[in-house]
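# Fold and contact review
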Amino acid sequence: MIAGPKILPRAARKSGSAPGGAYPLLDACAARKSSGVPHSSSGGSGRGGCGGAAPATRGTSPLPATADRSEEEEEPCGAAAAMMAALKRVEAPGDFATGGSLPLVLPSLELALPGGGGGESGCGGVVGLPLSAPAAEALRTACELAPFGRREETLRDPAVRHTWQLDPKALRLRNPAWQGVVDQVVAKCRTALGLGSSGVEAQLYKLLLYEPGSHFIAHRDTEKAEGMFATLVLHLPSAYEGGQLVVSHAGRTKTFDYAADSAYALHFSAFYADCRHEVKPVTRGHRLVLIYNLVHKGQGPAPAPADHVTAIEAVRRVVAGWQAEEAPPRKLVFMLEHRYTRDGLRTGLAALKNSDRAVGDALAALAEEGLLDVHLALVERTDTGYDESYDGDREASVSSFVALDGRQAPELGSHRLCEETELCQGSDYFEQQTPDGEDFEEATGNEGATFTRWYHRTALVVWPRCKHFSMRCRGDLKQAVAGLQKAVEQGSEPRAVLARWARAVATSLPRINGTALLASALSAVAALGDAKPAALCLAVLAKQAQSRSALHPVNPLEAEHAPAVVELCRVYKWAPQCGAALSAVVGRLCAGTPPDLAVAAALLKGLRAASVGATAAQPTERSSGGGGGAGHPAAAVFAAALAGATTALAGAARQDGPGQGAERRREQQEVAAGLLQVLALVEERGDAEALHAFFTTAFARHFITAAAGAGGAPGAAA
Ligand SMILES: O=C(O)CCC(=O)C(=O)O
Ligand SMILES: [Fe+2]
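Residues numbered from 1 in each chain as written. Chains lettered and ligands numbered in written order. Predicted model: local features only at pLDDT ≥ 70, side-chain atom pairs only at ≥ 80, totals over all residues. Heavy atoms only, no water.

Note that Leu363 resides in helix 8 (residues 354-368). Since its relative accessible area comes to 2%, Leu363 is described here as buried. Counting along the chain gives 97 residues from Leu363 to Leu460, while the straight-line C-alpha distance between them is 8.9 Å. For Leu363, the contacting residues outside a window of four places in its chain are Leu87, Val315, Leu372, Val374, Leu460 and Val462. (Helix = DSSP H or I, 4+ residues; strand = E, 2+ residues; numbered from the N terminus. Buried < 20%, exposed > 50% of the residue type's maximum accessible area, 1.4 Å probe, protein only. Contact = heavy atoms within 4.5 Å.)

As structure tokens, this is what we get:
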């Protein structure tokens, strides 16, 4: 377990007596506010516990604990807090359209005779449901062709709208239970469309009859009654095919297709009137619907579809600021309000409820735009500690990613969650939650009592789309490398995408500690044949070689990686930087304790072969005729790498080690052996200048003197 910040027992946390109180991010913000530093330029200063090597504990900030929630909300800082503020702008929790099936109740539809005056006596007969073909024919003769509006005009054009309509005055709905059905639908709409407690009335507007060929092209409904904000369609039992109702709004589309059980079921669909919608042509049978206007009654503004425009714009600004931060959080995690099972998320975004759905919709719009990657994921946190000392560790992770369309995304692997900088709800989110389970172990013998608490929640997890591959590398590096290898082989992605993928793999090289995985990574990048990621790989290897940090004590290169490294140089077109990189890598290999001469030699031999081979194949103008193809750019890389090896070996041989025992002598011998190998390669190249330069170094003199004095170290190594 990676130790995170210390946690307090729940009792202490509840009373608000956590040491240091505020979470570091807010303290850092307070400092930025008072010093006038714009908050987009920092935010990395308070990332306690997430840096990897040395997690900070709570309360380590030198600043006073002054976090004040209201102040924080007014002026958020740090990407997580800013994202939270932006997502709070997500308006109504409702959707723009909804629909579903209803228990089968029939309206008992009757036609009034023309000129019947609407009284009981004027009824022209019951319309039997499901509608039979002769009944449909009779009904059609009572109807008129439905018009449509264009600006101030009312027009009839079957190319635009071909539907038969009947005014409510010409029909009766005799079943007294019918109003109950309508009320039930209004209640469903209240939740689904997010109508809250607004006064809403459903007013019958028209009966519509569609026959084969009938349709209505995409349009928006005008306000047909005062306060009308939505249209409700009740689909009566009548067999038909086609006739789908397609509604779209703010980049999303919903299709209501009830044809399958249209002969014997009652369905509804409802949508905000200003959403674009169309009825696709009916291809068979008759589609019979009752159209109601949903009208707003009472005070306040009429309900409106949640387009989330303000929230989306706010999130867009957050993303820009987030990337401008000095040490931006890798991901942002928005904890969902409702509980969802893994199985329950099979439909992705569609599975989310109420305000969770609204936030998901707003983020989905930015995912569609290509700005963000948005996934649903499982957030797990485990607290462990000793009950007596109230001391503990906590660990939180994000895994089991699901795409918004419900597709499982195992390639994203599992990520550590940095609660201080990545949780939109703030680092104290879990402190307000009830654990899903707790385990206490009684004290036994010398062991004190211990506890474990765990939490399982669902979240929306976002990161900028441009970080897609680096997040894959963080989540499951092995899969990311294997995926790149396969995609390069099959050419299954555009080259620009593969290049981004390869760059992410190159940047991840320092985290690889398996020989086989490193070999796959290097050869996958080389196989792409793109100079930029190849250059990045060499630069990363060089940086690693130069780094003396305790984190990378050994260079992971082994002799079997040599061909891929040489291939990377070739892909990078033997640029001078290859020489610098290889000089650093080979130099480090030679300077290690003990020196890794086998790897260095394999690299040098590979480079020599490349320079000789390439020169023989395509002699260049600069070819001077010297051995080893000195004129080919590969020769320059070889020479630079050789120089790196010579310097490193010279340094290693000169160093006076602690003690002069057998161990030290053996090391010296190994160095001398390596040195001789390198000199042999220099000589083979016929590089007189290099040889001369080498033998005039102080080291060479030291080496020769030492050899004479020790009576045969070089001889022993030879
Ligand atoms: O028939 C439908 O489902 C919708 C009809 C419609 O769009 C309208 O009457 O404006
Ligand atoms: Fe309409």
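Attention now goes to the sheet that holds strand 14 (residues 245-249). Spatially, 5 strands are ordered 7-11-17-14-15 in an open sheet, and the strand pairing comes out antiparallel. In the strand order of this sheet, the two ends are held by strand 7 (161-162) and strand 15 (252-256), each with one partner. The pairing of strand 11 (residues 215-219) with strand 17 (residues 276-279) spans 2 bridges and is antiparallel. Opposite Phe216, over in strand 17, you have Val279 as the bridge partner. (Pairing = 2+ DSSP bridges.)

Once that is clear, we can look at the site of ligand 1. Surveying the vicinity of ligand 1 reveals 13 residues, the closest of which are Arg161, Tyr210, Asp221, His277 and Arg287. In this structure, an oxygen atom belonging to ligand 1 sits 3.1 Å away from a side-chain N or O atom of Asp221. Within the side chain of His277, one N or O atom sits 3.0 Å away from an oxygen atom of ligand 1. Here ligand 1 has 290 Å² of accessible area as a free molecule, and 96% of this is covered by the chains. Judged by the fraction of its atoms near the pocket grid, ligand 1 is located in the second largest pocket. Contributions of two or more residues to the shell around ligand 1 are made by strand 10 (199-210), strand 11, strand 17 and strand 19 (287-297). Class assignment of the residues belonging to the shell around ligand 1 gives a composition of 8 nonpolar, 2 polar and 3 charged. (Near = heavy atom within 4 Å. Polar contact = N/O pair within 3.5 Å; in protein donor to acceptor, adjacent residues only side chain to side chain. Areas by Shrake-Rupley, 256 points an atom, 1.4 Å probe, with all protein chains shown as cover. 1 Å grid on protein atoms, 1.4 Å probe; cavity = no way out; pocket = protein on both sides within 12 Å on 5 of 7 lines; lining within 4 Å. Sits in = over half its atoms within 2 Å of the grid points. Nonpolar A, V, L, I, M, F, W, Y, C, P; charged D, E, K, R; others polar.)

Now for the coordination of the iron ion (ligand 2). Within the protein, His219 (NE2), Asp221 (OD) and His277 (NE2) serve as the donor atoms for the iron ion (ligand 2), at 2.1 to 2.2 Å. Along the chain, the residues donating to the iron ion (ligand 2) are arranged with the sequence spacing H-x1-D-x55-H. Taken as a pair, His219 in strand 11 and His277 in strand 17 lie far apart in primary sequence, 58 residues in all. (Donors = N, O, S within 2.8 Å, 3.2 Å for Na, K, Ca; no water.)

Scanning the entire structure with this criterion turns up 26 salt bridges. Ionic pairing is found between Glu211 and Arg140, a salt bridge with its closest N-O pair at 3.7 Å. Of this pair, Glu211 sits in the loop between strand 10 and strand 11 while Arg140 is found in helix 5 (residues 133-142), placing the two residues 71 residues apart along the sequence. Asp383 is the partner of Arg453 in a salt bridge, and the nearest nitrogen-oxygen pair spans 3.9 Å. Of the two residues, Arg453 is situated in strand 25 (residues 450-464) and Asp383 in strand 21 (residues 372-386); the sequence distance between them amounts to 70 residues. Of the two residues examined, Arg453 and Asp383, each falls in the buried class. Look at the salt bridges and you will find they share partners, linking Arg381, Asp383, Arg394, Glu419, Glu420, Glu431, Glu438 and Arg453 into a network. (Salt bridge = Lys/Arg side-chain N within 4 Å of Asp/Glu carboxyl O.)

Let us now look at the sheet that holds strand 8 (residues 164-166). In space, the 7 strands of this open sheet follow the order 1-16-12-19-10-8-4, with antiparallel pairing throughout. Strand pairing shows two members of the sheet lacking a second neighbour, strand 1 (97-102) and strand 4 (144-145), which therefore form its edges. The pairing of strand 4 with strand 8 spans 2 bridges and is antiparallel. When the sheet's bridge partners are listed, Glu144 is paired in strand 8 with Gln165. Its contacts with the sheet put helix 5 on strand 4, strand 8, strand 10 and strand 19, and the angle it makes with strand 10 is roughly 110 degrees. (Axes fitted to C-alpha atoms, helices over the stretch in contact; angles between N-to-C directions.)

If you check helix 12 (residues 495-507), its first and last C-alpha atoms are 18 Å apart, about what 13 residues at 1.5 Å a residue would give, namely 18 Å. Turning to helix 12, its buried residues are Val497, Leu498, Ala499, Trp501, Ala502, Ala504, Val505 and Ala506. (Expected span 1.5 Å × (residues − 1).)

Turning next to the packing of helix 11 (residues 477-490) against helix 13 (residues 515-528). Closest axis-to-axis distance for the helix 11/helix 13 pair is 9 Å, and the angle between their directions is 35 degrees. For the pair helix 11 and helix 13, the sense of crossing is left-handed. Residue-level inspection shows Lys478, Val481, Leu484, Gln485 and Val488 of helix 11 in contact with helix 13, the latter providing Leu517, Ser520, Ala521, Ser523, Ala524, Val525, Ala527 and Leu528. Looking at side-chain class alone, the contact of helix 11 with helix 13 contains 9 nonpolar, 3 polar and 1 charged residues. (Left-handed = near helix turned anticlockwise from the far one by under 90°.)

The subject of this paragraph is the nonpolar core. Within the largest apolar cluster, 66 residues are counted, with the highest numbers of intra-cluster contacts made by Leu522 and Leu582. Look past the residues within four positions of Leu522 in its chain and what remains in contact with it is Leu509, Cys537, Leu541, Leu557, His561, Ala564, Val565 and Leu568. If you look at the next biggest cluster of nonpolar residues, it comprises 58 residues, including Val186, Leu208, Phe216 and Leu294. (Core = buried A, V, L, I, M, F, W, Y, C linked by side-chain atoms within 4.5 Å.)

Here the amide bond leading from Leu129 into Pro130 is cis, since omega sits at -5 degrees, within 30 degrees of zero. Relative to the helices and strands, Pro130 is located in the loop between strand 3 (123-126) and helix 5. A positive phi angle, near 50 degrees, is found at Ser400, a position not held by glycine. By the element assignment, Ser400 lies in strand 22 (residues 391-403). A positive phi angle, close to 60 degrees, is found at Lys573, a residue other than glycine. Inspection of the secondary structure assignment puts Lys573 in the loop between helix 15 (562-571) and helix 16 (576-591).

Turning our eyes to something else, we now look at the layout of surface pockets. Reported here for the second largest pocket is a volume of approximately 670 Å³. Surrounding the second largest pocket, 31 residues form its lining, Phe148, Arg161, Phe216, His219 and Asp221 being those nearest its centre. In the lining of the second largest pocket, the residues fall into 14 nonpolar, 7 polar and 10 charged. (Points joined across faces, edges and corners; volume = space filled by probe spheres on them.)

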